[in-house]
Amino acid sequence: MNDTNDDAGIIVALLDRMRTQRLPRALDIKSKVDRGERLDSFDIQFLQEVFEDSKALQPKWEQHPEMNTIIGTIIHLYHEITAKALENEERAAPA
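Remember, it's a predicted structure, so these values are computed and weren't measured experimentally.

Looking at the environment of Leu47
Now for step 1: With respect to the helices and strands, the residue Leu47 is situated in helix α2 (residues 41–62).
Now for step 2: Assessed through its relative accessible area of 5%, Leu47 is described here as buried.
Now for step 3: In the structure, Leu47 is positioned 12 residues away from Arg35 in sequence and 18 Å away in space, judged by C-alpha atoms.
Now for step 4: Beyond its immediate stretch of four places on either side in the chain, Leu47 contacts Leu39, Tyr78 and Ile81.

Focus on the side chain of Lys32
Now for step 1: Following the sequence through the fold, Lys32 ends up in helix α1 (residues 3–34).
Now for step 2: With relative accessibility at 15%, the residue Lys32 sits in the buried group.
Now for step 3: Apart from the residues within four sequence positions on either side, Lys32 is in contact with Glu37, Arg38, Asp40 and Asp43.

Regarding the confidence of the model for the chain
Now for step 1: Confidence along the chain averages 92 in pLDDT terms, with 97% of residues attaining 70 or more.
Now for step 2: Across the chain, helix α3 (residues 68–92) holds the top mean pLDDT of 95, while α1 sits lowest at 91.

Let's talk about the pattern of salt bridges
Side chains carrying opposite charge are able to pair once their charged atoms draw close together.
Now for step 1: Tallied over the entire structure, the rule returns 13 salt bridges.
Now for step 2: Among the ionic pairs, Asp40 bridges to Lys32, the shortest N-O distance being 3.1 Å.
Now for step 3: On the basis of relative accessible area, Asp40 is assigned to the partly exposed category, the value being 32%.
Now for step 4: Among the salt bridges present, the one from Lys32 reaches Asp43, with a minimum N-O distance of 2.6 Å. Highlighted residues: Lys32 in helix α1 and Asp43 in helix α2, separated in sequence by 11 residues.

Definitions and limits used
Residues numbered from 1 in each chain as written. Predicted model: local features only at pLDDT ≥ 70, side-chain atom pairs only at ≥ 80, totals over all residues. Heavy atoms only, no water. Helix = DSSP H or I, 4+ residues; strand = E, 2+ residues; numbered from the N terminus. Buried < 20%, exposed > 50% of the residue type's maximum accessible area, 1.4 Å probe, protein only. Contact = heavy atoms within 4.5 Å. pLDDT = per-residue confidence, 0-100. Salt bridge = Lys/Arg side-chain N within 4 Å of Asp/Glu carboxyl O.

Take a look at the structure:
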């Protein structure tokens, strides 16, 4: 198998994981924070794992500019989650 096939296989596996695991979980967390709820330790652990994986995979994504739209959309979703989670934490903090 050559590097192009290896790369394509990796991209397909990463996109499949996003579709079947990460995106559904992220959308559940987004619904939670949109309702004004705070993140629990499992939510925070999930987000930390996603951010660590994203950092590690950044060089792979940079090699595939055709993925920019998908990656940009995902980044925006995670930004919305973290921004709303911060709002919820600030609102819940004692004055």
